[in-house]
Amino acid sequence: EADIYQTPRYLVIGTGKKITLECSQTMGHDKMYWYQQDPGMELHLIHYSYGVNSTEKGDLSSESTVSRIRTEHFPLTLESARPSHTSQYLCASSEWVGTDTQYFGPGTRLTVL
Amino acid sequence: GENVEQHPSTLSVQEGDSAVIKCTYSDSASNYFPWYKQELGKGPQLIIDIRSNVGEKKDQRIAVTLNKTAKHFSLHITETQPEDSAVYFCAASTGGYQKVTFGTGTKLQVIP
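Read on for an overview of the structure.

Cut-offs used in this document
- Residues numbered from 1 in each chain as written.
- Chains lettered and ligands numbered in written order.
- Predicted model: local features only at pLDDT ≥ 70, side-chain atom pairs only at ≥ 80, totals over all residues.
- Heavy atoms only, no water.
- Contact = heavy atoms within 4.5 Å.
- Buried area = accessible area lost by both parts, 1.4 Å probe.
- Salt bridge = Lys/Arg side-chain N within 4 Å of Asp/Glu carboxyl O.
- Polar contact = N/O pair within 3.5 Å; in protein donor to acceptor, adjacent residues only side chain to side chain.
- Helix = DSSP H or I, 4+ residues; strand = E, 2+ residues; numbered from the N terminus.
- Nonpolar A, V, L, I, M, F, W, Y, C, P; charged D, E, K, R; others polar.
- Phe/Tyr/Trp six-rings, centres within 6.5 Å; stacked < 30°, edge-to-face > 60°.
- Buried < 20%, exposed > 50% of the residue type's maximum accessible area, 1.4 Å probe, protein only.

## Regarding the interface of chain A and chain B
Opposite the 22 residues of chain A that make contact, chain B presents 26 residues. Counting each side, the surface lost to burial between chain A and chain B is near 1,900 Å², with a carbon and sulfur contribution of 58%. For the chain A face of the interface with chain B, the top three residues by lost area are A:Met41, A:Asp100 and A:Phe104, together amounting to 29%. Inspection of the region where chain A meets chain B yields zero salt bridges. If you look at where chain A meets chain B, you find four residue pairs in polar contact (both at pLDDT 80 or more). Breaking the side of chain A that touches chain B down by element, the ones donating at least two residues are strand 4 (31-37), strand 5 (43-49) and strand 9 (87-94) of chain A. Across the side of chain A that touches chain B, the residue classes break down as 10 nonpolar, seven polar and five charged.

## A few points about unusual backbone geometry
In this model, A:Thr7 is joined to A:Pro8 through a cis peptide bond whose omega is -10°. Note on placement: A:Pro8 falls in the loop between strand 1 (4-7) and strand 2 (10-13). In this structure, the amide linkage connecting B:His7 to the following residue, B:Pro8, adopts the cis form with an omega of -5°. Mapped onto the secondary structure, B:Pro8 falls in the loop between strand 1 (4-7) and strand 2 (10-14). The backbone phi angle of B:Gln60 is positive, close to 55°, even though this residue is not glycine.

## A short note on the packing of aromatic side chains
One pass over the full model with this rule turns up 12 aromatic pairs over all chains. With centroids separated by 6.0 Å and ring planes inclined at 70°, the aromatic side chains of A:Phe104 and B:Phe102 adopt a geometry described as edge-to-face. With A:Phe104 in strand 10 (residues 103-104) and B:Phe102 in strand 10 (residues 101-102), the pair connects residues from two separate chains. Residues A:Phe104 and B:Phe102 agree in their burial class; the two are buried. Ring centres of B:Phe33 and B:Phe73 lie 4.9 Å apart, and the angle between their planes is 50°; on these two criteria the pair is classed as tilted. Taken together, the residues span a long stretch of sequence, with B:Phe33 in strand 4 (residues 32-38) and B:Phe73 in strand 8 (residues 72-77) at a distance of 40 residues. What makes B:Phe33 buried here is its relative accessible area of 0%.

If you want it as structure tokens, here you go:
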């Protein structure tokens, strides 16, 4: 099983609150990703990083922001949560060399009331 | 950019039957094709992958085939069991700075 962790696993929060979803990995991977997954199953890439101080926006526009100050840590922040942000958020990591296999965390289920 | 189409979106099979999920990709430069299984409440996990220099790969009850000319690849699960019930994603990648592109997912239900 991959060593990638996400906290919290579940979060219910009111509109307007600032939240940070944590993601950390102990595999030393340079590449990290955030996906948004709705009940319709499809994985939507919202942010990715190629290494420390590298962050890029993904294919799906998101009001969230990310930072990559340490290799192992890739937190996602929502400054002001809204009901439209209710979703599952999945973090993943992969290596530069070899395969592009992505290792996923267990996800954070966010509900904004 | 790369576009990956996946079919069917849902699939129900009787226990013991085979299941086949198909994907097509658009970028001929893609050279790595992983398959992920996502169980309820968990993140996707790699179950098998194939590189473009290989036409077929098998691991016990699961196998993947790749047709580079037609740009399609398939996942085959034989002797299905209830624990195979999950959502399956195909993906395509060229590696390096290119992102991995996922298919839209197939929800497989194995009926006991």
